[in-house]
Each structure stands twice: as structure tokens, then as C-alpha cells.
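Listed here are the chains, written in short residue letters.
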Amino acid sequence: MELHIVCIPGDGIGPEIVAEAKKVLNKVAEKYGHKLDMKDVLMGGASIDAYGVPLTEETIAAAKAADAVLMGSIGGDPNTSSWYQLPPDRRPEAGLLGIRKALNLFANLRPAYLYPELAAACPLKEEISRAGFDMLIMRELTGGLYFGERRTVTENGVRRAVDTLTYDENEIRRIAVKGFEIARKRRGKVSSVDKANVLDSSRLWRAVVNEVARDYPDVKLEHVLVDNCAMQLVKDPAQFDVILTENMFGDILSDEASMVTGSIGMLSSASLNDTKFGLYEPSHGSAPDIAGKDVANPIATVLSAAMMLRYSFDLDAEADAVEEAVRQVLKDGYRTGDIMSKGCTLVGCRQMGDLLAERI
Ligand code: IPM
Ligand code: MG
């Protein structure tokens, strides 16, 4: 099979971790007889430096022409980077929001899984972590507060800022359908998260999710208020299978869910539209403080590449092989600094990539 992939190495540790994911993909292609066509394009801070804007039409066109996009991370340190002197719509993050919208990537899948080998890194009490957990956050990615009308005005000498949270029923329905479909392939439970005791957008969310649920009688549905969900994630994360939620709640809860795994450097993500196309990126940021030092953990990016093989190319055996390589490397005791524990072997970003590729 021919795999046309556009890579966005991005900023900070992005280029290092994408290089290791490419190493693993090349090994997969060699072993399973696929032809890889990978091309790098710029986005975020790197694009600002080269073209003055965080996202160009060329990058959008290249992404649209590919089967999938593999991304590292974008952005820098807001306190020191000159990118953050620019107006908000010209900063690195605007590139990310722009490409999500331009490619209609409305479904963001963020798995949070506690690796048994990394259980010691879990910050929860042992009696909670012992049960393990394996959840998937299905975050709506192109609506809500992130894309509603916003402005800052001064009225009678008083500054006022407005952001708008809007959803229509079609936007809710299509993400709900994705949530139920994936729950069916997992443990058959959807926890829909909203703030229906306060917000109209959440009351519509809940009504539409209930309508969609009628087509999935085999999937168990519960509604959870977002504040309660934040609490339940640290109290009893094992109760969750698929968490279905809107853009802003999903942003916050996915950081929390990743933190309880104790290893944000391990968590992948996929952003999908209604076709097989997807953009795959680690859940973590660009970590500018450790960039260029060969200490970053490439595993989240490698696992994102596995999601790409699975969702965009239907290559389940290949995706399984990549995930198995990760488990094997952990079992063999190799760790990057972020997941290091006593008795294990500390390795850098490049060596981790080599170890993973060897195990394909
Ligand atoms: C994420 C990030 C982005 C978001 C930022 C960088 C705009 O936090 O992907 O979770 O809020 O969506
Ligand atoms: Mg976030």
C-alpha cells in the first residue's frame, strides 16, 4: 500500500520526536511491504519564522492532498518567545486551530491508559491505581468557545471581553455518533460530559446525545456534569470508557486524564473528520525547555503514528506491532527521563526510537 503522509515537525521538541516516529514508520513499511511517501511542511512558530504566519495556504493544500498528517508539536515559551509579541491570530496556536478548522477535524480522540509498567508514576493512591484504567476522551474540536465570535471592547472606559459558546445540533450529533461508534469497539460505555445545570449549549448537547443513543441500545450512556467529571477522574478513573465532551471541557479534562496516567509523554491523539483522513499528534506540548537535548520522550508521537496506521489506513496488524513494540521496550526496562524509575535504563530520544524500531 502507498501511504502519503505529510509531517509537521513543528517547534520545540517537535522535530526530534517526529524523526523517531518516522524511523518506526520506515521500519513498519519495510517489514510489511508498504511504500511511504513522507513530506515535511511548516506550521506554528517555524512557519512564522519562515513566512510570517503560523499557517500558510500551501501547508493546508499539502495536508489536504495527503492521506494523513503526522504532527510533532507547536508553540514556544510565551514568556520568552517573540512569537507571543504578535497579535493572537498570528501566534503558533492559531495555526493549529486554523488547520483543525480548515480540514474539518471535528473529532479528537485522546486515549488515556495506565501502563502497568508505569503504574509507579501514577500520582493517585495505590488503591486507586491498582485497578488500572483505560479511557478515551472524544473531544469536539471545531466548535464551541474556541470558534465562537470573540471581541474585546472598551465601553465607558471599562474593558470588556466576550467569547461565545455556540453549538448547533448537527455539530453535536456527528461527534456523538463517533463517540458511540468507538464505544461499541471498546467496553460499550459513553459518559457524556456537560454543564446542563447551567448552560443552554449543554442542555442541547444532552438532548442530542440522548437522541443519538437510541440508535445504540447496546451502549450504556450516562451524563456527567463537568465539575463532577473532573473529580471522578482522580477518585475512580477506572469507571470511564469513552468520555464524550465539547471542545473546552475536553481540552481541560484531557490534560487531567493524561496527568493521572503519570506519563503525558506516552499519550497519543487523533483528530478526524468524516473521511479516513486524520491529523495525528502527541497530547503533550512542545516543551521548549528540553528541545534539542535528545531527552524528549518520542513514544506519544510513535503511538500517534500507530493510531494513524489504524484509523487512516486500516492497517491494524501494523498498528498492533507498533503498540507491542512500545510495551516491549517498557518491559525491557528502557525509559526516557520523564518516565524514569529506579532499576531502569535511562535512554535519550534517538535511542528510544532505535529501540522501538528494532522491535517492529
Ligand atoms: C490542545 C492544546 C490546544 C488546545 C492549544 C495549543 C490551542 O491545548 O491541543 O489541547 O487548546 O486545543
Ligand atoms: Mg490542551
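Calculation rules
Residues numbered from 1 in each chain as written. Chains lettered and ligands numbered in written order. Predicted model: local features only at pLDDT ≥ 70, side-chain atom pairs only at ≥ 80, totals over all residues. Heavy atoms only, no water. Near = heavy atom within 4 Å. Polar contact = N/O pair within 3.5 Å; in protein donor to acceptor, adjacent residues only side chain to side chain. Areas by Shrake-Rupley, 256 points an atom, 1.4 Å probe, with all protein chains shown as cover. Nonpolar A, V, L, I, M, F, W, Y, C, P; charged D, E, K, R; others polar. Domains from an automatic or database assignment. Pairing = 2+ DSSP bridges. Helix = DSSP H or I, 4+ residues; strand = E, 2+ residues; numbered from the N terminus. Axes fitted to C-alpha atoms, helices over the stretch in contact; angles between N-to-C directions. Contact = heavy atoms within 4.5 Å. Parallel < 35°, antiparallel > 145°, perpendicular 65-115°, else oblique. Left-handed = near helix turned anticlockwise from the far one by under 90°. Buried area = accessible area lost by both parts, 1.4 Å probe. Salt bridge = Lys/Arg side-chain N within 4 Å of Asp/Glu carboxyl O. Buried < 20%, exposed > 50% of the residue type's maximum accessible area, 1.4 Å probe, protein only.

1. Comments concerning the site of ligand 1
Taken together, the residues surrounding ligand 1 are Glu93, Arg100, Arg110, Arg139, Tyr146 and Asp251. Within the contact set of ligand 1, an oxygen atom lies 2.8 Å away from a side-chain nitrogen or oxygen of Arg100. Within the complex, the protein chains bury 74% of what would otherwise be the 320 Å² of accessible surface of ligand 1. Split into classes, the residues belonging to the shell around ligand 1 amount to 1 nonpolar, no polar and 5 charged. Among the domains, domain 1 (1-111 + 266-360) and domain 2 (123-260) are the pair contributing at least three residues each to the shell around ligand 1.

2. Examining the sheet that holds strand β12 (residues 278-282)
Strand order in this open sheet of 10 strands is β2-β1-β3-β12-β11-β4-β5-β10-β8-β9, and the pairing throughout is mixed. Whereas interior strands pair on both sides, the edge strands pair on one side only; in this sheet they are β2 (35-40) and β9 (220-225). Adjacent strand axes in the sheet meet at a mean angle of 25 degrees, parallel and antiparallel pairs treated alike. Of the strand pairs in this sheet, strand β4 (residues 107-113) and strand β5 (residues 134-140) are connected by 7 bridges, and their pairing is antiparallel. In the sheet register, Ala107 faces β5, and the bridge partner there is Glu140. Here helix α8 (residues 226-235) sits on the sheet and contacts β5, β8 (189-194), β9 and β10 (242-245); the angle it forms with β9, its principal contact strand, is near 105 degrees.

3. Quick notes on the packing of helix α6 (residues 169-185) against helix α7 (residues 200-213)
The N-to-C vectors of α6 and α7 enclose an angle of 50 degrees; their axes lie 9 Å apart at closest approach. Accordingly, the angle class assigned to the pair α6 and α7 is oblique. Between α6 and α7 the crossing geometry is right-handed. Here α6 contributes Glu169, Ile172, Arg173, Ile175, Ala176, Val177 and Phe180 to the contact with α7, which in turn contributes Leu204, Trp205, Val208, Val209, Glu211, Val212 and Ala213. Taken together, the residues of the contact of α6 with α7 sort by class into 11 nonpolar, no polar and 3 charged.

4. A closer look at the domain arrangement of the protein
Its domain assignment divides the protein into domain 1 (1-111 + 266-360) and domain 2 (123-260). Just the C-alpha atoms count here: the centres of domain 1 and domain 2 sit 24 Å apart. Facing 17 residues of domain 1, the contacting portion of domain 2 comprises 17 residues. Summing the contributions of domain 1 and of domain 2, the shared interface buries around 1,600 Å²; its carbon and sulfur component is 63%. At the boundary of domain 1 with domain 2, the tally comes to 0 salt bridges. Seen at the junction of domain 1 and domain 2, the total is 6 residue pairs in polar contact (both at pLDDT 80 or more). Taken together, the elements giving at least two residues each to the side of domain 1 that touches domain 2 come down to α4 (92-102), β4 and β11 (268-272). At 5 residues, β4 tops the list of elements feeding residues into the side of domain 1 that touches domain 2. Its residues placed into classes, the side of domain 1 that touches domain 2 shows 9 nonpolar, 4 polar and 4 charged.

5. Here we look at unusual backbone geometry
Phi is positive for Asn156, close to 50 degrees, though the residue is something other than glycine. Following the sequence through the fold, Asn156 ends up in the loop between β6 (150-155) and β7 (158-163). With relative accessibility at 82%, the residue Asn156 sits in the exposed group. The phi angle at Ala287 is positive, at roughly 40 degrees, despite the residue not being glycine. Tracing the backbone through its elements, the reader meets Ala287 in the loop between β12 and α10 (299-311). Residue classification places Ala287 among the partly exposed residues on the basis of a relative accessible area of 24%.

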